Amino acid sequence: MIKGTFFCIDAHTCGNPVRLITSGHPPLRGRNMSEKRQDFLAHHDWIRQALMFEPRGHDMMSGAFLYPPCDSANDGAILFVETSGCLPMCGHGTIGTVTAALEAGLLTPRTPGQLRLEVPAGIIDVQYQQTGAKVDWVRLTNIASYLAHADKVIDVPGLGQLKVDVAYGGNYYVIVEPQECFPGIEHWSADQLLRWSPEVRAAADAALPCIHPDDPTVRGVSHVLWTGTPKNPDSHAANAVFYGDRALDRSPCGTGTSARMAQRFAKGLLAEGESFVHESLIGSQFVGRVERVTEVAGQPAIIPSIQGWARVHGHNTLVVDDDDPYAFGFQV
Ligand code: PYC
């Protein structure tokens, strides 16, 4: 029996996939996108599994549904889906979703060039430039981002002791700078990063508790941000973000870049108004900026912005038929 038919616009943001699912939306209960995210996970998660996992997706696959806003003052709402679950916020996902939706006429801004969108982590402001049918770039002003744990030593079985920070930029990131047992991403293969990331995440999550003070459903270290020396002379830093079970972000990671700017701001390495060009594993770049200083539960925080681009590369109708033994995907 056919469980669902989903029309998808496939795109990538600076190299990382974004599958914007434009039909087959389940109705979601909740007063805001955080509650709707919980409702989706409780009652409709088969859709994410079917569309993100193999054979319809792959380890890096991530996507989004656009919903009408919960508050009519806003232009729309995004539910992020990916192999690891539904993220509270996704930067590359926002840039890809906004690009694909505007090009397909699925978002109608009240003010051209500007959108105000609801995501599970809060409200984000978006600016973009469109030339004819094509969106050239998207800049999102993210939710408040902050350093949650500084200079903590964790024990990673088999690797040794690592000094790390944990910062929030829409997800909680354990940030690993080069040190004795980690020489920097330019010296490690993708296989090495994938080998050690789950161990580092588990060690950080056990030792360094994180619960968002404004939304306790946002909790736990979910991503590892490894750092290194950039290849491009105009990048300030390079990173490789690990998420899910086997994913390394091909984009510079919007929430990771926000977390890293919050970390650098808290350590006096980045000031209000300064830009921060972050480079991905494949050399693509996001331009970040500390827009303003704020507070989260009385702690210093920043409002970062992230600018990047996305390209649409395909249209796809996916059918989920429960006669198929792999209807709901698999992971190897
Ligand atoms: O761009 O925020 C991001 C992101 C999160 C996971 C993968 N990309």
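None of these values were measured; they are calculated from a predicted model.

**Some points on the site of the ligand**
- Surrounding the ligand, one finds Leu87, Cys90, Gly91, His92, Tyr243, Asp249, Ser251, Cys253, Gly254 and Thr255.
- Taken together, the elements giving at least two residues each to the shell around the ligand come down to helix H3 (91-103) and helix H5 (254-266).
- When the residues that make up the shell around the ligand are grouped by side-chain class, the tally is 4 nonpolar, 5 polar and 1 charged.
- Residues from two domains meet in the shell around the ligand; each of domain 1 (2-138 + 311-321) and domain 2 (145-297) gives at least three.

**Digging into the environment of Phe80**
- Positionally, Phe80 belongs in strand S4 (residues 76-82).
- Separated by 134 residues in the primary sequence, Phe80 and Asp214 have C-alpha atoms spaced 20 Å apart.
- Here Phe80 is in contact with Ser62, Ala64, Cys86, Leu87, Cys90 and Gly93, once residues within four sequence places are set aside.

**Focus on the confidence of the model for the protein chain**
- For the protein chain, the average pLDDT comes to 98, and 100% of its residues sit at 70 or higher.
- Per the prediction output, this complex has pTM 0.98; the corresponding ipTM is 0.99.

**Observations concerning the pairing of strand S10 (residues 172-176)**
- The element S10 is extensively covered by neighbouring structure, given that 5 of its 5 residues are classed as buried.
- Burial of S10 is two-sided: the residues Tyr172, Val174 and Val176 facing one way and the residues Tyr173 and Ile175 facing the other way are all buried.
- With 5 bridges connecting them, strand S9 (residues 160-168) and S10 associate as antiparallel partners. In the sheet register, Ala167 faces S10, and the bridge partner there is Tyr173.
- Remark: 3 residues form the turn of the hairpin made by S9 and S10, two consecutive strands paired antiparallel; Gly170 in that turn has positive phi of roughly 120°.
- Of the pairings in the sheet, the one linking S10 to strand S11 (residues 221-228) comprises 5 bridges and is parallel in character.

**Examining unusual backbone geometry**
- In this structure, Pro55 follows Glu54 across a cis peptide bond, with omega equal to 5°.
- Tracing the sequence through the fold places Pro55 in the loop between helix H2 (45-52) and strand S3 (62-67).
- Not every positive phi belongs to a glycine, and Cys253 is a case in point at roughly 70°.
- Structurally, Cys253 is set in the loop between strand S13 (247-248) and H5.
- Despite not being glycine, Ala297 shows a phi value in the positive range, around 50°.
- Overall, the presence of 10 C-beta atoms within 10 Å leaves Ala297 in the exposed class.

**Remarks on the nonpolar core**
- Ranked by internal contacts, the top residues of the largest apolar core, which has 95 residues, are Leu20, Leu79, Val166, Ala167, Val174, Val176 and Ala262.
- Here this core spans two domains, and each of domain 1 (2-138 + 311-321) and domain 2 (145-297) adds at least three residues to it.
- Not counting the four nearest positions on each side in its chain, Ala167 is found in contact with Ser145, Tyr146, Leu147, Ala148, Tyr173, Ile175, Ala259, Arg260, Ala262 and Gln263.

The rules behind the values
Residues numbered from 1 in each chain as written. Predicted model: local features only at pLDDT ≥ 70, side-chain atom pairs only at ≥ 80, totals over all residues. Near = placed C-beta within 6 Å. Helix = DSSP H or I, 4+ residues; strand = E, 2+ residues; numbered from the N terminus. Nonpolar A, V, L, I, M, F, W, Y, C, P; charged D, E, K, R; others polar. Domains from an automatic or database assignment. Contact = placed C-beta atoms within 7 Å. pLDDT = per-residue confidence, 0-100. Buried ≥ 20, exposed ≤ 12 C-beta atoms within 10 Å, placed from the backbone. Pairing = 2+ DSSP bridges. Core = buried A, V, L, I, M, F, W, Y, C linked by C-beta atoms within 7 Å.

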